[in-house]
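Geometric and topological summary
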Amino acid sequence: MPMRNLAMNFDVFELVLVVLVVFTYWPAIRGGWVFDDWAINDDEADFQKSLAWRLRFIAAELRRPFRFGGGAARWFTYLVYHVTYKVWGFRPAAWHGVSIAMHAAAVVILHRLTLLWGFGPGQAAGAAAVFALHPLQVGSVAYVSGRPGLQSLLLTFAGLYTFALGAWPASIVFQYLAWRSKEDSIIYVAFYPIAFYLFG
């Protein structure tokens, strides 16, 4: 099969994966705020400020690049929260929709990453499908407060993908943003030497 046709087939499969993700998590769109989600609402006074204020806050945090703990440590998560609020306010459907879109993007990147690592089409499809639909993903995708973990994993996949393409400066940026989405994602750095050893 010509490589061009093979690539087109992969694009169709990725579209199928995205449709499956949306179909599977669509009930979350009708969900409201639960449990720790209400803590996000408590930050409305900050979200009502301008994005310029948020960017100044981030600039101050960048002067302390290794700060741990507290909400400030997750400034990239809060930047995405801020943008979401500016566009849609606190409409739960929109916040859930952003999470679903992030998960769908992570699924597509994982599929392309596994292909780049030399997985066969069936293996890559299987890995992406399991990740897309596994019940363990529900907490991160359907629960707004699970966004930091979802966002950090999406950025880690993007970092691994750009690393595999040889664009290592971009991978550093993606992994730093993953860390600033959720601080425990620092452990994902271990994936890089493993990936290099296994697939380099």
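Rules and cut-offs
- Residues numbered from 1 in each chain as written.
- Predicted model: local features only at pLDDT ≥ 70, side-chain atom pairs only at ≥ 80, totals over all residues.
- Heavy atoms only, no water.
- Helix = DSSP H or I, 4+ residues; strand = E, 2+ residues; numbered from the N terminus.
- Rg over C-alpha atoms; globule rule 2.2 N^0.38 Å.
- Buried < 20%, exposed > 50% of the residue type's maximum accessible area, 1.4 Å probe, protein only.
- Contact = heavy atoms within 4.5 Å.
- Areas by Shrake-Rupley, 256 points an atom, 1.4 Å probe, with all protein chains shown as cover.
- Lys, Arg positive; Asp, Glu negative; His and termini not counted.
- Charge placed at Lys NZ, Arg CZ, Asp CG, Glu CD.
- Salt bridge = Lys/Arg side-chain N within 4 Å of Asp/Glu carboxyl O.
- pLDDT = per-residue confidence, 0-100.
- Phe/Tyr/Trp six-rings, centres within 6.5 Å; stacked < 30°, edge-to-face > 60°.
- Lys NZ or Arg CZ within 6 Å of the ring centre and 35° of its normal.
- Patch = residues over 30% accessible without salt bridge, like charges linked within 9 Å, V, L, I, M, F, W, Y side chains within 5 Å.
- Expected span 1.5 Å × (residues − 1).
- Arc of directions from axis to C-beta.

Quick notes on the overall build of the protein
Counting secondary structure elements, the protein contains 11 helices and zero strands. When its helices and strands are written in sequence order, the protein yields α-α-α-α-α-α-α-α-α-α-α. On C-alpha atoms alone, the protein measures out to a radius of gyration of 18 Å, which is about the 16 Å that the 2.2 N^0.38 rule sets for 200 residues. With the C-alpha coordinates of the protein rotated into their principal frame, the extents come out at 55 × 40 × 25 Å. Each of the 200 residues in the protein was classed as buried or not, and the buried ones make up 40%. For the protein, the share of sequence-separated contacts (at least 6 apart) that also reach a separation of at least 24 residues comes to 74%. Carbon together with sulfur atoms contributes 71% to the accessible area of the protein, which is approximately 10,600 Å² in total. Across the protein, the 15 positively charged side chains and the 11 negatively charged ones have centroids separated by 6 Å.

Description of the pattern of salt bridges
Under the definition given, this model contains four salt bridges. A salt bridge links glutamate 183 to arginine 74; its shortest N-O distance comes to 2.9 Å. Taken together, the positions of glutamate 183 in the loop between helix 10 (168-179) and helix 11 (191-199) and arginine 74 in the loop between helix 4 (51-62) and helix 5 (75-88) put the pair 109 residues apart, joining distant regions of the chain. For arginine 74, a relative accessible area of 23% gives the class partly exposed. A salt bridge links aspartate 184 to lysine 182; the shortest N-O distance between them is 3.9 Å. Overall, aspartate 184 belongs to the partly exposed group, its relative accessible area being 42%. With relative accessibility at 25%, the residue lysine 182 sits in the partly exposed group.

Let's talk about the confidence of the model for the protein
Taken residue by residue, the protein gives an average pLDDT of 87. The fraction at 70 or more is 90%. Every residue in residues 1-8 scores below 50 in pLDDT, and together they form two contacts with partners more than four places removed in sequence or on other chains.

Notes on the packing of aromatic side chains
Applying the stated rule across the entire model yields 17 aromatic pairs. When the ring of tyrosine 81 is compared with that of tryptophan 95, the centres are 5.4 Å apart and the planes differ by 45 degrees; the resulting orientation is tilted. Within this pair, whereas tyrosine 81 is found in helix 5, its partner tryptophan 95 is found in helix 6 (residues 92-116), the two being separated by 14 residues in sequence. Comparing tyrosine 81 with tryptophan 95 shows no difference in burial state: the two are buried. Members of the aromatic cluster, joined through ring pairs, are Trp33, Phe47, Tyr78, Tyr81, Tyr85, Phe90 and Trp95. When the ring centre of tryptophan 179 is taken as origin, the NZ or CZ atom of arginine 180, which lies over that ring, is 4.5 Å away.

Description of the side chain of glutamine 137
If you trace the backbone, glutamine 137 turns up in the loop between helix 7 (121-133) and helix 8 (138-142). The contact partners of glutamine 137, leaving out residues within four places of it in the chain, are Tyr25, His103 and Phe131.

Structural notes on a nonpolar patch on the surface
On the surface, Phe191, Ile194, Tyr197, Leu198 and Phe199 cluster together to form a nonpolar patch covering roughly 540 Å² of accessible area. The residue tyrosine 197 is located in helix 11 in this model.

Overview of helix 7
Compared with an ideal rise of 1.5 Å per residue, which puts 13 residues at 18 Å, helix 7 spans 18 Å between its outermost C-alpha atoms and is within 8% of the ideal. Taken together, the buried positions of helix 7 are occupied by Ala124, Ala125, Ala128, Phe131 and Ala132. Looking straight down helix 7, one finds its buried side chains confined to an arc of 135 degrees; they lie on one side. Exposed residues lying more than 90 degrees from the buried face of helix 7 are Gly122, Gln123 and Val130.

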